[in-house]
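An overview of the molecular structure
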Amino acid sequence: MDWLLQHGTRIGVLILLALAASWIARRTIPRAVRLTLARQRIEGEESREAIALEEQAKRSQTLSSVLVKSVEITAFLLAGIIALGEAGFELGPLIAGAGVVGLAIGFGAQTLVKDVLGGLFVLLENQYASGDVVEIAGISGAVQAVNLRRTVLRDLDGIVHTVPNGDVRVSSNLTRSFARVNLDVSVGYGEDLDRVREVLDAAGRELAEDPDWADKILEPPKMLRVNAFEESGIAVKLLGTVRPTTQWEVTGELRRRVKQAFDREGIEIPFPHRVVVVREERAAR
């Protein structure tokens, strides 16, 4: 009875402290993460482009969950170890045995540790989030899910790829904040490039003013420069700014409108020409 009153009370206090730490973590960590992310700007982008609210909420939820779980595991682990000591177990051999087991597991789980550390940096640095279109580990696709261990991508064919975060050395985010229409168009060598510029710029403006496309376009596509002298014609570059994930459909519609405008204005779109010379052998005399 005396043991129960003395040691049982201490064990109960330890459990209450662990539960209190868990409750405090669940109440304070999510709010702290939200306040921190609300003040952040995406590195390397224009100051007017803040983190999208939906993306910020997803990142906040993921980081909060990871931090809360870490605090809970640490609190209950410490409480459990101290409670075992109160119950009369020798903590020295127990800790030594746990260290040996942990070392063995560590040697066998190096890849897992590498994946978890890689995922932690992906989340902390906000390299990508669910819904982004990225290229990682040589695979391109839309991010379906991301956690500490792996990233799940779905490519254009609908194939789902699971990429361990330890394999993510370079991540290319194709849909962060804004995207670009980057299109090369070839015209014949005999065309007036000033007139070509007028036609292309007009096609870009018409696309940006179309009610069906206006909400997708931030800056109308226009001719940027003469990009190259090619074998069959002159390549000119069009560049515009659009909302994330819309660059492919906007580029496709722009191609259609450029073709229609060139047909209407009589501007030649060159294609390879091949001249075949047939020589007849003279009849033997």
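Everything that follows concerns the structure shown earlier in this document.
Rules used in this analysis
- Residues numbered from 1 in each chain as written.
- Predicted model: local features only at pLDDT ≥ 70, side-chain atom pairs only at ≥ 80, totals over all residues.
- Heavy atoms only, no water.
- Helix = DSSP H or I, 4+ residues; strand = E, 2+ residues; numbered from the N terminus.
- Buried < 20%, exposed > 50% of the residue type's maximum accessible area, 1.4 Å probe, protein only.
- Contact = heavy atoms within 4.5 Å.
- Areas by Shrake-Rupley, 256 points an atom, 1.4 Å probe, with all protein chains shown as cover.
- Phe/Tyr/Trp six-rings, centres within 6.5 Å; stacked < 30°, edge-to-face > 60°.
- Lys NZ or Arg CZ within 6 Å of the ring centre and 35° of its normal.

Details of the overall build of the protein
The number of helices and strands found in the protein is six helices and eight strands. The N-to-C order of helical and strand elements in the protein reads α-α-α-α-β-β-β-β-β-β-α-β-β-α. Residues classed as buried in the protein amount to 34% of the 285 residues present. Considering only intrachain contacts with a sequence separation of at least 6, the fraction spanning at least 24 residues in the protein is 64%. Put simply, the protein shows about 18600 Å² of open surface, and 58% of that area lies on carbon and sulfur atoms.

A few points about the packing of aromatic side chains
Aromatic ring pairs are reported here in terms of the distance separating the ring centres and the angle at which the planes meet. Going through the model one piece at a time under the given rule, you end up with one aromatic pair. We note Lys216 situated over the ring of Trp213; from NZ or CZ to the ring centre the distance is 5.5 Å.

Description of the environment of Ala179
Mapped onto the elements, Ala179 comes out in strand β6 (residues 179-187). Exposure remark for Ala179: the relative accessible area of 4% places this residue in the buried category. The spatial distance from the C-alpha of Ala179 to the C-alpha of Thr245 is 7.3 Å, given a sequence separation of 66 residues.

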